[in-house]
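Take a look at the letters that make up each chain.
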Amino acid sequence: MYIFLLPLAVVVLLSLPVISRIKHFTDGTKCKNAIIGNLCTFFGVMLLAVILPVGNLVSAEVIEETAGVISSAGMGYLAAALAVGLGSIGCGIAVANAAPAAIGAVAEEPSCFGKAMIFVALGEGVALYGFLIAFLIIQAV
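Residues numbered from 1 in each chain as written. Predicted model: local features only at pLDDT ≥ 70, side-chain atom pairs only at ≥ 80, totals over all residues. Heavy atoms only, no water.

## Quick look at the overall build of the chain
Moving on, step 1. Tallying secondary structure elements over the chain gives five helices and zero strands in all.
Moving on, step 2. Helices (α) and strands (β) of the chain occur, in sequence order from the N terminus, as α-α-α-α-α.
Moving on, step 3. Taken over 141 residues, the chain has a buried fraction of 12%.
Moving on, step 4. Long-range contacts, defined here as pairs at least 24 residues apart, represent 65% of the contacts in the chain between residues at least 6 apart.
Moving on, step 5. Element-wise, carbon and sulfur atoms account for 76% of the exposed surface of the chain, whose accessible area totals about 10800 Å². (Helix = DSSP H or I, 4+ residues; strand = E, 2+ residues; numbered from the N terminus. Buried < 20%, exposed > 50% of the residue type's maximum accessible area, 1.4 Å probe, protein only. Contact = heavy atoms within 4.5 Å. Areas by Shrake-Rupley, 256 points an atom, 1.4 Å probe, with all protein chains shown as cover.)

Listed below in structure tokens is the structure:
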């Protein structure tokens, strides 16, 4: 019975700071505290999962059976997915900060359009680099 309740409790504990942030989105410090609380809860649950494994969910027999299943191709695809995903997240953060500043600069002085767009394009280049690395990883696999 507790095998079904434990994941539910974990999901509820991890979502509590996010729910409190959605209800009170007027103050930036509450957002910061919610994120810190969420991270602390996450790492606490991970620590408990390592220290107190639940039942027979993890056993040496299962690890021995699956040892031959893990292949270099699967790890290569995982690495390619991480390269594209993290590159895209970095691109989104960079463009989210650079584009409004570029729009404001162009609104004040239209002659700086080219300089402003260079900074936005540099942020978008991060996603292209992630895609390029993923393409090279997939070609090597």
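Now that the structure has been shown, the text picks up again.
## Some remarks on the environment of M46
Moving on, step 1. Note that M46 resides in helix α2 (residues 28-51).
Moving on, step 2. With a relative accessible area of 38%, M46 lands in the partly exposed category.
Moving on, step 3. Taking the C-alpha atoms as reference points, M46 and V10, 36 residues apart in sequence, are found 10.0 Å from one another.

## Topic: the environment of L82
Moving on, step 1. Examined against the element boundaries, L82 turns out to sit in helix α4 (residues 72-108).
Moving on, step 2. A relative accessible area of 49% places L82 in the partly exposed class.

## Some points on the confidence of the model for the chain
For residues with low pLDDT, the predicted coordinates do not support detailed interpretation.
Moving on, step 1. Scored by pLDDT, the chain has a mean of 78; 72% of the residues are at 70 or more.
Moving on, step 2. Mean pLDDT across the elements of the chain ranges from a minimum in helix α3 (residues 60-66), with 55, to a maximum in helix α5 (residues 113-140), with 90. (pLDDT = per-residue confidence, 0-100.)

## Digging into α5
Moving on, step 1. The end-to-end C-alpha distance of α5, which contains 28 residues, comes to 40 Å, matching closely the 40 Å that a straight helix rising 1.5 Å per residue would cover.
Moving on, step 2. Listed as buried for α5 are A116, V120, G123, G125, G130 and A134.
Moving on, step 3. Contact partners of the buried residues in α5: α4. (Expected span 1.5 Å × (residues − 1).)

## Digging into the environment of L16
Moving on, step 1. Tracing the chain through its elements places L16 in helix α1 (residues 2-23).
Moving on, step 2. Taking the C-alpha atoms as reference points, L16 and G37, separated by 21 residues in sequence, lie 8.9 Å from one another.

## Topic: the packing of α4 against α5
Moving on, step 1. At a closest axis distance of 8 Å, the pairing of α4 and α5 adopts a crossing angle of 175°. When the axis of α4 is compared with that of α5, the two are roughly antiparallel.
Moving on, step 2. Across the contact of α4 with α5, the residue classes tally to 24 nonpolar, six polar and one charged. (Axes fitted to C-alpha atoms, helices over the stretch in contact; angles between N-to-C directions. Parallel < 35°, antiparallel > 145°, perpendicular 65-115°, else oblique. Nonpolar A, V, L, I, M, F, W, Y, C, P; charged D, E, K, R; others polar.)

## Notes on α4
Moving on, step 1. Here α4 is 37 residues long and its end C-alpha atoms lie 53 Å apart, about the 54 Å a rise of 1.5 Å per residue gives.
Moving on, step 2. Inspection of α4 places G76, A80, A83, G87, C91, A98 and A102 among the buried residues, and these make up the whole buried set.
Moving on, step 3. Looking at the buried side of α4, the elements it contacts are α5.

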